[in-house]
Amino acid sequence: MKNRFLLALIFLVVAVLISQSTAANIRSGDFDFYKLYNDPEAHISLKGRRTTSDRMAAHGYPAEHHHIVTEDGYIVGVFRIPYSHKLQNQNEYRPIVLIQHGLTSCSDAWVLNGPDDGLPYLLADAGYDVWLGNARGNTYSRNHTSLSTEHPYFWRFSWHEIGHYDIAAMIDYALKTNGQGQKAIHYVGHSQGTTVFFTLMSTRPEYNEKIKTAHMYAPIAIMTNLENAFVRAVAPYLGQRNAYSLLFSCQEFIPNNNFSLALLFNFCEPDQMLRPSCEKVMENIYAKDRKNKTALPEGLATHPGGCSTNQMIHYLQEQQSGHFRQYDHGTAKNLEIYGSETPPYYPVEEITSKVYLWYGLNDNLAAVEDVLALADRLPNRELRLIEDPLWDHIDFAINMEARKYLNDPVIEIMQEFENDNN
């Protein structure tokens with residue numbers, strides 16, 4: 001850093017000396033100073049952020065960006081790897097997989113581990129038609145058929161609507177677009193990506209017929225025993241119907257700022273000058289050598305992906321009530337919407353599709369006791385405990401051995417299903 005500063009100082013001094021010696025031989029009338037100092041290009045510019053599609057294409061994979069309109073008018077962005085450039089299997093049967101991100105995240109999270117370890121790439125190279133969803137309100141899903149993101153009504157949704165509408169629309173769209181007459185898909189969700197799956201399959205049970213296998217990474221529904229200190233601190237305030245939760249509701253959490261996001265991108269992408277600073281920040285946060293050191297800074301460059309504050313409030317309500325149930329609007333509105341003073345429970349007992357619950361012992365958001373309590377209510381489930389005793393919530397996304405503990409076993413289960421049913 002000292003050498004760079006010294007070099008810059010020398011360059012500045014030389015530039016000043018040259019300009020002074022040159023100026024001595026030039027008359028003021030030789031320049032149009034208005035044009036000289038009114039250059040519209042003379043400003044600092046930042047590289048535009050790469051999309052999920054850009055990241056996949058950079059590794060040679062065919063990449064598509066789709067826009068899907070939900071039943072209630074939201075337009076969600078979904079990315080796709082239709083086939084593998086390595087297999088050249090575009091004319092062969094390719095089972096469909098939908099992958100859904102967690103809270104404040106986006107589809108970028110799934111590709112940060114790179115083509116050797118990232119689940120979308122591994123699935124594509126195993127012969128699958130891979131779809132990466134984005135929940136309403138995040139980086140890639142900020143459009144509506146009639147509402148602007150500036151209007152508070154745009155943000156009047158929780159993860160209930162993401163499951164009930166967004167995931168349903170993604171499943172139907174992928175089945176139709178694939179064009180091979182498939183009737184069902186495989187599903188993978190992390191954290192909130194599991195919650196929205198439970199929501200859809202219990203409120204619209206007909207969608208269970210459209211699921212081959214479902215893989216829940218860090219499943220979250222019951223939250224009684226979670227140990228996350230921050231959640232436990234704010235839940236008594238925002239997890240109840242009071243002035244705090246009313247003030248916090250129906251707005252964008254950390255409003256989208258293109259300049260700030262572009263700035264993070266330009267700090268943290270691999271080919272940027274300030275990448276070492278970004279890496280240092282992430283190393284200080286995650287001191288143990290368990291996380292993918294390449295994926296961590298790129299995660300900072302792409303996150304947070306955006307969400308509604310109602311999604312957070314809904315989770316905090318779950319923690320306070322100890323139940324997996326719909327959004328609590330307060331007694332009066334609950335009576336109007338649900339016909340009861342309290343929100344109805346999600347009937348997870350009606351989820352008939354085969355569900356694999358992948359969980360870790362060190363996860364302070366998806367506690368083992370809560371995962372087991374949920375499992376007791378699911379009629380067709382299989383528990384899969386991660387063997388690593390230190391496995392935590394973010395390990396499901398960017399652990400160095402995610403392929404070994406998660407991705408390869410998941411693909412093996414999918415392949416067994418395909419082999420047995422074709």
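Our structure's up above, just so we're on the same page.
Residues numbered from 1 in each chain as written. Predicted model: local features only at pLDDT ≥ 70, side-chain atom pairs only at ≥ 80, totals over all residues. Heavy atoms only, no water.

### Thoughts on the pairing of strand β2 (residues 74-81)
As a reminder of what qualifies: Only protein chains enter the accessibility calculation, which uses a 1.4 Å probe; a residue is then buried when its area is under 20% of its type maximum, exposed when over 50%, and partly exposed in between. The helix count covers DSSP runs of H or I at least four residues long, the strand count covers runs of E at least two residues long, and both are numbered beginning at the N terminus. At least two DSSP bridges between two strands are needed for those strands to be called paired.
The buried fraction of β2 amounts to 7 of the 8 residues, a majority that puts the element mostly inside the structure. Two strands pair when backbone bridges link them, and strand β1 (residues 64-69) and β2 are joined in this way by 6 bridges, in the antiparallel orientation. Looking at the pairing, H67 lines up with G77 of β2. Counted between consecutive antiparallel strands, the loop separating β1 from β2 contains 4 residues, among which G73 sits at a positive phi close to 95 degrees. Relative to strand β4 (residues 129-132), β2 runs antiparallel, the two being bridged by 3 bridges. Among the inter-strand pairings, F79 is bridged to a residue of β4, identified as L132.

### Things to note about the packing of helix α5 (residues 159-178) against helix α12 (residues 309-321)
Any two packed helices are characterised by how steeply their axes cross, that is the angle between the axes, and by the distance between the axes. What counts here: A fitted line through C-alpha atoms represents every axis, and for helices the fit uses only the stretch in contact; the resulting angles, taken between N-to-C directions, go from 0 to 180 degrees. Between 65 and 115 degrees an angle is taken as roughly perpendicular, under 35 as roughly parallel, over 145 as roughly antiparallel, and anywhere else as oblique. Working rule for contacts: check all heavy atoms of both residues, and any pair within 4.5 Å makes them a contact. Polar here means any residue outside two lists: the nonpolar Ala, Val, Leu, Ile, Met, Phe, Trp, Tyr, Cys and Pro, and the charged Asp, Glu, Lys and Arg; Gly therefore counts as polar.
In the contact formed by α5 and α12, the axes pass within 8 Å of each other and the chain directions differ by 110 degrees. It follows that α5 is roughly perpendicular to α12 by the angle criterion. Across the interface between the two elements, W159, H160 and I162 from α5 touch Q311, H314, Y315 and E318 from α12. Split by residue class, the contact of α5 with α12 holds 3 nonpolar, 3 polar and 1 charged.

### Concerning the environment of G102
Note that G102 resides in the loop between β3 (96-100) and α4 (119-125). The class of G102 is buried, set by a relative accessible area of 8%. In sequence terms G102 and A397 are 295 residues apart; their C-alpha atoms lie 9.6 Å from each other. Non-local contacts of G102, meaning those with residues more than four positions away in its chain, are made with H190, S191, Q192 and G193.

### Here's the deal with the side chain of S84
Definition in use: Residues adjacent in sequence count toward polar contacts only when both atoms are side-chain atoms; beyond that, a polar contact is any pair of N or O atoms within 3.5 Å, and within protein one must be able to donate a hydrogen and the other to accept it.
Inspection of the secondary structure puts S84 in the loop between β2 and β3. Among the residues examined, S84 registers a relative accessible area of 0% and is labelled buried. Within the structure, S84 has its side chain in polar contact with the backbone nitrogen of K86 (distance 3.1 Å). Look past the residues within four positions of S84 in its chain and what remains in contact with it is N89, A124 and D125.

### Observations regarding helix α16 (residues 402-421)
The cut-off we apply is this: By definition here, a helix of n residues has an expected span of 1.5 Å times n minus one.
With 20 residues, α16 ought to run about 28 Å at 1.5 Å a step, and its terminal C-alpha atoms sit 28 Å apart, in line with that. The complete set of buried residues in α16 reads A402, Y405, L406, N407, P409, V410, I411, I413, M414 and E418.

Interpretation note: all reported values are geometric properties and have no functional meaning in isolation.
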